[in-house]
Amino acid sequence: MTIEMYYVTAAMLFAIGAYGAIAHRSAVRILISLELMFNAELLFLLAMASSIGALQGMILALFVIALTSSEIGVTVPIIVFMFRILGTTDVTRASKMKG
Amino acid sequence: MSPSNSVLEEFAYLALSLIALGSGLVAVSTEQAVYAAVALGFTGTSVAGLIALLGYGYVAAFHLLVYVGATVTFMVFSVVMMRQEPRLMRSLATVSVLNAVLLGLVFYMIAVSTGIGGVLPSINIDLGRVAKEFIDDYWFPLLLVVASLATIMIEGIVVARGEKK
Amino acid sequence: MLGPLDPLINFILEPYFFSPFIYPGLTIGLVVLLTLIWAERKMAAKVQLRYGPLYVSKQIGGALQMIADALRFFFQEPIIPRQVDKIVFLATPALALTVTVLPFIFIPAAPSYVGVAVSYSLPLVLALGALIPVVIILMAWGANNKFTLVGGIREAFMTVGYEVALFISAFAAALYYKTLDLSVMVEKQASLGLPGIIINPIAGFVFFVAMLMASSKLPFDIVEGEQEIVAGPFTEYSGILYGLVMGASYLYLYVLMLVFVEMFLSGWLPVIHGLGSIYPALGGVMLFVKTYILLLFAVFLRGVYGRYRLDQALSLGWRRLVPLSLIAALWSFGLLIAGV
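Residues numbered from 1 in each chain as written. Chains lettered and ligands numbered in written order. Predicted model: local features only at pLDDT ≥ 70, side-chain atom pairs only at ≥ 80, totals over all residues.

1. Quick word on the overall build of chain A
Thinking step 1. Secondary structure assignment for chain A yields 3 helices and 0 strands.
Thinking step 2. Starting at the N terminus and ending at the C terminus, chain A contains elements arranged as α-α-α.
Thinking step 3. By principal-axis analysis of the C-alpha atoms, chain A measures approximately 50 × 25 × 15 Å.
Thinking step 4. Sorting the 99 residues of chain A into buried and exposed places 46% on the buried side.
Thinking step 5. Counting contacts in chain A only where the partners sit at least 6 residues apart, residues at least 24 apart contribute 45% of the total. (Helix = DSSP H or I, 4+ residues; strand = E, 2+ residues; numbered from the N terminus. Buried ≥ 20, exposed ≤ 12 C-beta atoms within 10 Å, placed from the backbone. Contact = placed C-beta atoms within 7 Å.)

Written out as structure tokens, the structure reads:
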């Protein structure tokens, strides 16, 4: 059980999330792919913290999880407003700055 | 006492990683948004299991609470907004796959180059010590996080009410 | 002592297998489920001045009805409609039951007898229980049917309504005990001599009501309300799949009731040492007795209350239960400061 094994899993999960974030059009799907990347980043953080400072890593991870939830709380209303104004969640249609 | 030898740990790691990566693949490639949200829930659960395998049990419980709550919210929104579901952008397919693979490699290289590696140390953190650290050293970030979460809650109420005009 | 079967018997008697699968886990849970559904039908019938199911075994008041029902489920042909998503349709009942059985690993059944001993078993049990609505919404979407869709959306709304009150009231009670471990909570109640419901009655009441909302029991069975949306997310199921999904919500009520008894009613006290010397888990049999009596009370409420509407239930959850749970947290905090 080496730390590099966790790096491999986290890197692959990050790659999958990155593919989803680029290849999707719907804002909800992009957000889901971003959440996948967050999960991978959390694994990176905790795997690195295991050998340096486990206590600080744990505290930082708890803060990161709480702030992730508040970030979802900001991003989802943005999508709701976008749907109300534009009538669609397609991000390619949200390319104009007015309106 | 459970046989906590390294074979069981490796098997658990393999199973949890496969579930995490498999449901991640389902989350990005399925056509329906609800299945993507449920797959995100499964990924969150297996990542919580991997975190617990690393030794951070309380963080795993916290992660499970937050991510399962977020998944349910996503599902409601993707079901409610189910008209006009745009498809994947086919023109970007190869570029995005290439980019994803390269990003994964870059992150792995960064992580390995920090030199932090080797055998996983066994971690046993007393929750009382964590609480003491929070109150002694990190009380200000804690206050900020509480304030930001309260703001998010008020903002959610305002956005939800804004429809009845 | 049984020769070649010895390792197998030893494995079955280990806490990490016995607790989730036999007692208080899957097997005893299924027995509780069968008797509980029968008791619910009989009690509701008594309130409504009728006899209840009396077709099978008329001489003993229809007591074998549930065995007849279970046999019928096993032999009935499960019909798979054409328009459903087959993998999701067939997998989600088993998934729902699996996810419901997971919290049993962390619930202690007797002093120092728990499947996996961690010092934060309360958040783990509640978090694993929060996975159940996810599976039910998946089930509702996979059935590809307007009734199930409405049932699934109702389930999502109900989840949003009760989760905050459930968690905050549980943590308010844990705040006074200064621990997040269920076994330590029972020991603290033993040393204080008072059950948790006298220490913090507001938290107990809020947890009880939120528990009824969580397991879709009347008066909150909006999700599976028969008169409105056929059977909600479970509409398309027949045969053994129907038996499985109908049992899942009772099993979740059983899990939450175990947690309630351990937090608020002194768990397995008084410990029966005579039984405990035969096998450690049996020393905490009072936990099971108290849970069963409270389960009978919870299903008795079916005959008393009318069904809440969805907006009434959400308003109850957010306008009354959440402020009450915050008051419960303040009460615990006040008790701690007062040095009681």
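2. Structural notes on the arrangement of the chains
Thinking step 1. Ranking by contact count across 2 pairs of chains in contact places chains A and B at the top.
Thinking step 2. Contact between chain A and chain C is absent, and the least distance between their C-alpha atoms amounts to 14 Å.

3. Things to note about the interface of chain A and chain B
Thinking step 1. In this complex, chain A contributes 62 residues to the contact, which on the side of chain B involves 73 residues.
Thinking step 2. Counting only elements with at least two residues in the side of chain A that touches chain B, the list comes to helix H1 (3-23), helix H2 (27-52) and helix H3 (54-86) of chain A.

4. Regarding the packing of H3(A) against helix H5 (residues 127-136) of chain B
Thinking step 1. Contact geometry for H3(A) and H5(B): axes closest at 11 Å, N-to-C directions at 70°. It follows that H3(A) is roughly perpendicular to H5(B) by the angle criterion. You can see that H3(A) and H5(B) cross each other, and the crossing is right-handed. Along the contact surface, H3(A) presents A:Leu55, A:Met58 and A:Ile59, while H5(B) presents B:Arg129, B:Val130, B:Glu133 and B:Phe134.
Thinking step 2. Across the contact of H3(A) with H5(B), the residue classes break down as 5 nonpolar, no polar and 2 charged. (Axes fitted to C-alpha atoms, helices over the stretch in contact; angles between N-to-C directions. Parallel < 35°, antiparallel > 145°, perpendicular 65-115°, else oblique. Left-handed = near helix turned anticlockwise from the far one by under 90°. Nonpolar A, V, L, I, M, F, W, Y, C, P; charged D, E, K, R; others polar.)

5. Digging into the confidence of the model for chain A
Thinking step 1. Considering every residue of chain A, the mean pLDDT works out to 87; 97% of them sit at 70 or more.
Thinking step 2. When pLDDT is averaged over each element of chain A, H1(A) comes out on top at 92 and H3(A) at the bottom at 86. (pLDDT = per-residue confidence, 0-100.)

6. Let's talk about the interface of chain B and chain C
Thinking step 1. Listed as interface residues are 18 residues of chain B and, on the opposing side, 18 residues of chain C.
Thinking step 2. At 12 residues, the largest contribution of residues to the side of chain B that touches chain C is made by helix H3 (residues 57-80) of chain B.
Thinking step 3. Per-class residue counts for the side of chain B that touches chain C are 12 nonpolar, 6 polar and no charged.

7. Topic: the packing of helix H3 (residues 26-47) of chain C against helix H15 (residues 285-300) of chain C
Residue and element names in this part refer to chain C.
Thinking step 1. Where H3 contacts H15, the axes come no closer than 9 Å and their chain directions differ by 40°. Taken as axis vectors, H3 and H15 run oblique relative to one another. Two packed elements cross with a definite hand, and for H3 against H15 that hand is right-handed. Contacts between H3 and H15 involve Val-32, Leu-36, Ala-39, Glu-40 and Met-43 from the former and Tyr-292, Leu-295, Leu-296, Val-299 and Phe-300 from the latter.
Thinking step 2. Among the residues making up the contact of H3 with H15, the classes are represented as 9 nonpolar, no polar and 1 charged.

8. Details of helix H9 (residues 182-192) of chain C
Residue and element names in this part refer to chain C.
Thinking step 1. When H9 is considered as a whole, its buried residues turn out to be Leu-182, Ser-183, Met-185, Val-186 and Gln-189. Buried residues in H9, looked at end-on, bunch into an arc of 160°, giving them a common side.
Thinking step 2. One or two positions beyond H9, positive phi appears at Gly-193, with a value near 80°. (Arc of directions from axis to C-beta.)

9. Here's the deal with the domain arrangement of chain B
Thinking step 1. By domain assignment, chain B separates into domain 1 (6-125) and domain 2 (126-165).
Thinking step 2. Between the C-alpha centres of domain 1 of chain B and domain 2 of chain B the distance comes to 25 Å. (Domains from an automatic or database assignment.)

10. Observations concerning the environment of C:Leu192
Residue and element names in this part refer to chain C.
Thinking step 1. Secondary-structure assignment places Leu-192 in helix H9.
Thinking step 2. By C-beta crowding, Leu-192 is classed as partly exposed, having 15 other C-beta atoms within 10 Å.
Thinking step 3. The spatial distance from the C-alpha of Leu-192 to the C-alpha of Val-230 is 49 Å, given a sequence separation of 38 residues.

11. Describing the environment of B:Thr43
Thinking step 1. Here B:Thr43 is to be found in helix H2 (residues 33-54).
Thinking step 2. Each C-alpha atom, one on B:Thr43 and one on B:Thr71, is 10 Å from the other, the two residues being 28 residues apart in sequence.
Thinking step 3. If near-sequence neighbours (up to four positions away) are discounted, B:Thr43 is found in contact with A:Leu36, A:Asn39, B:Ala20, B:Ser23, B:Gly24 and B:Ala27.

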